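Here is how the chains run, residue by residue.
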Amino acid sequence: MSQKNKSIQEKMTELTDIVSWFNGDSFVLESATDKFKEAEKKAQEIEDDLSKLKNEINVVKQRFDGAN
Amino acid sequence: MEKSLNPIFSVSDFIAIFNQTLEYAYPMVEIEGEVASFKVNQSKFVFFDIKDASGSINCFMTVWQMRVPIEDGMKVVVSATPKLTQWGKFSLTVKNIRPSGEGSLKKSYELLKAKLEKEGLFAPERKRHLPQFPGRVAVISSTQAAGYADFIKILNDRWGGVRVDVAHVQVQGAGSADQIIRAVDYFNQQEVLPEVLVIIRGGGSADDLSTFNDEPLVRAIAGSRIPTLLGVGHEIDESLSDLAADVSAATPSNAAQILVPDKKEITKLVNGQISSLLPRILQMIEQQRQSVCECLSGAFFTIERALSEAEWKLESLKNTFRQLDPEVILTRGYAIVRGATEVGRVIEVETKKLIIKAEVKNVTKK
């Protein structure tokens with residue numbers, strides 16, 4: 001897994017964790033604003049990453065026609 | 001006796017020379033005909049005749065060269081070298097045999113499907129899940145094929161950051177199945193395995209797509225250590241490779257859709273998650289407000305009840321005191337007597353309405 005994509009996946013997991021916190025028993029109103037700002041920042045990072053990432057396509061040199 | 005100008009061969013030499021001539025003239029021939037008298041000897045050697053309305057030729061091959069099931073009555077194309085055997089029998093040594101025509105392709109497909117199904121190659125419990133966010137993917141396709149171009153376009157439109165290693169192979173015609181098998185082996189032998197192996201080919205005729213009904217190829221796909229995704233043909237086409245793959249896509253474009261998520265959808269999902277938080281916060285504020293209100297109501301109720309109890313007790317005491325008031329007792333008809341109770345002394349008697357002076361005439365103990 002590439003570093004960039006792993007990072008997106010990690011960020012998405014972190015975002016999901018924050019969202020789960022809001023819906024879980026640990027939720028306390030006093031921390032909600034900070035958590036919300038953290039989630040917003042994470043979402044923005046994910047969106048930025050998604051718009052920048054490009055695929056890397058390599059045609060392998062190996063021949064498969066039995067000639068080598 | 002006149003000596004002949006023609007060379008005299010031994011039988012063996014003639015057969016050898018004849019075969020050399022045949023090999024020179026027809027190094028490889030392709031013949032289409034119907035299979036008859038098909039039989040397998042010692043589970044190794046395959047004998048059959050290939051015939052049409054007015055001719056028939058003996059054929060020989062090994063079972064290992066058979067890529068698809070064959071039976072009598074099927075129309076086939078054989079790739080073979082003609083040969084005269086040491087017993088003087090003309091025969092075709094078949095290198096490759098493939099069904100020809102819709103009926104035979106279908107028949108061969110059904111026979112192989114039944115065989116592999118019985119072995120459990122298509123069993124649902126064998127299917128593996130593909131990763132949600134693959135980082136490294138292997139693709140087997142012809143890089144010149146339209147299907148491949150569609151796949152790459154959709155892949156790039158939907159997602160980024162994936163390393164895609166592409167094995168360029170022939171995807172139809174003789175030798176294509178072997179090329180794909182070599183590519184499957186190549187990726188499966190890598191030290192660090194790709195996360196998904198995608199096999200791509202656009203639409204085509206039943207004959208074009210018959211490569212994907214090749215038994216060794218179907219087995220190679222089923223045996224791949226890397227989870228497989230097959231995007232071959234159009235939606236209506238279903239090859240045996242489709243059945244053996246972990247995931248089968250309807251088209252190459254659909255394979256790209258299955259392989260990676262759509263970044264637009266992910267962005268929408270992420271923003272949706274954020275949007276869902278505000279109502280949650282408001283809901284919690286409302287819940288806490290209600291909770292505070294309930295606490296306050298409880299406190300008020302407790303205070304009110306304590307006050308009521310105190311008021312009731314006070315009222316009760318007041319009543320008791322009221323009953324003890326001498327004026328109240330006089331109202332009930334009693335009288336207060338003041339002074340010494342001795343004979344001849346004057347005492348004062350107070351009733352509700354009167355104060356009376358009286359002389360004591362007699363005093364007796366009760």
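Fair warning: this is a prediction, and the values are worked out from it, not measured in the lab.

**Q** An account of the overall build of chain B is needed here, citing residue identities and associated values.
**A** Looking only at helices and strands, one finds 10 helices and 13 strands in chain B. Of all 366 residues assigned to chain B, the portion counted as buried reaches 26%.

**Q** Give a description of the interface of chain A and chain B that names residues and reports values.
**A** At the interface, 33 residues of chain A touch 37 residues of chain B. Where strand β1 (residues 56–59) of chain A and strand β7 (residues 163–168) of chain B come together, 4 bridges link them in parallel fashion. If you follow A:N58 over to β7(B), its bridge partner there is B:D165.

**Q** Now, about the packing of helix α3 (residues 146–158) of chain B against helix α8 (residues 252–259) of chain B: what can you tell me, with residues and values included?
**A** Residues and elements named next belong to chain B. Between α3 and α8, the shortest axis-to-axis distance is 7 Å and the interhelical angle comes to 30°. Classed by the angle they form, the pair α3 and α8 counts as roughly parallel. For the element pair α3 and α8, the recorded crossing hand is right-handed. Of α8, the residues touching α3 (which contributes G147, Y148, D150, F151, I154, L155 and R158) are P252, S253, A255, A256, Q257 and L259.

**Q** Can you tell me about the pairing of strand β3 (residues 55–62) of chain B, naming the residues and giving the values?
**A** All names here are of chain B. Where strand β2 (residues 45–52) lies against β3, 8 bridges are found, and the strand directions are antiparallel. Among the inter-strand pairings, F48 is bridged to a residue of β3, identified as C59. Counting the residues that bridge the hairpin from β2 to β3 gives 2 residues. Of the pairings in the sheet, the one linking β3 to strand β5 (residues 90–99) comprises 3 bridges and is parallel in character. In the strand pairing of β5, N58 is matched with S91.

**Q** Let's hear about the packing of helix α2 (residues 29–52) of chain A against helix α9 (residues 263–324) of chain B: which residues, and what values?
**A** The contact between α2(A) and α9(B) brings their axes to 10 Å, and the two run at 170°. Between α2(A) and α9(B), the angle falls in the class roughly antiparallel. Here A:L29, A:A32, A:F36, A:A39, A:E40, A:A43, A:I46, A:E47 and A:L50 of α2(A) lie close against α9(B), whose contacting residues are B:K263, B:I266, B:T267, B:V270, B:N271, B:I274, B:L277, B:I281, B:M284, B:I285 and B:Q288. Broken down by class, the residue content of the contact of α2(A) with α9(B) amounts to 14 nonpolar, 3 polar and 3 charged.

**Q** Could you give an account of the sheet that holds strand β13 (residues 355–359) of chain B, naming the residues involved and the relevant values?
**A** Residues and elements named next belong to chain B. Taken in spatial order, the 3 strands of this open sheet run β11-β12-β13, and their pairing is antiparallel. Edge positions in the sheet fall to β11 (336–338) and β13, since each of these pairs with one other strand and no more. Adjacent strand axes in the sheet meet at a mean angle of 25° when their direction is disregarded.

**Q** I'd like a description of the confidence of the model for chain B, backed by residues and values.
**A** Per-residue confidence for chain B gives a mean pLDDT of 91, with 98% of residues at or over 70. The ipTM for the predicted assembly is 0.77, set against a pTM of 0.69.

**Q** Could you give me a rundown of the sheet that holds β1(A), with the residues and numbers involved?
**A** The strand order β1(A)-β7(B)-β6(B)-β8(B)-β9(B)-β10(B) describes an open sheet built from 6 strands, whose pairing is parallel. The open sheet is flanked by β1 of chain A together with β10 (247–249) of chain B, the only strands paired with a single partner. Sheet twist, expressed as the mean angle between neighbouring strand axes with direction ignored, is 20°. Taken together, the 6 bridges between strand β6 (residues 136–141) of chain B and β7(B) define a ladder with parallel strand orientation.

Procedures and definitions
Residues numbered from 1 in each chain as written. Chains lettered and ligands numbered in written order. Predicted model: local features only at pLDDT ≥ 70, side-chain atom pairs only at ≥ 80, totals over all residues. Helix = DSSP H or I, 4+ residues; strand = E, 2+ residues; numbered from the N terminus. Buried ≥ 20, exposed ≤ 12 C-beta atoms within 10 Å, placed from the backbone. Contact = placed C-beta atoms within 7 Å. Pairing = 2+ DSSP bridges. Axes fitted to C-alpha atoms, helices over the stretch in contact; angles between N-to-C directions. Parallel < 35°, antiparallel > 145°, perpendicular 65-115°, else oblique. Left-handed = near helix turned anticlockwise from the far one by under 90°. Nonpolar A, V, L, I, M, F, W, Y, C, P; charged D, E, K, R; others polar. pLDDT = per-residue confidence, 0-100.

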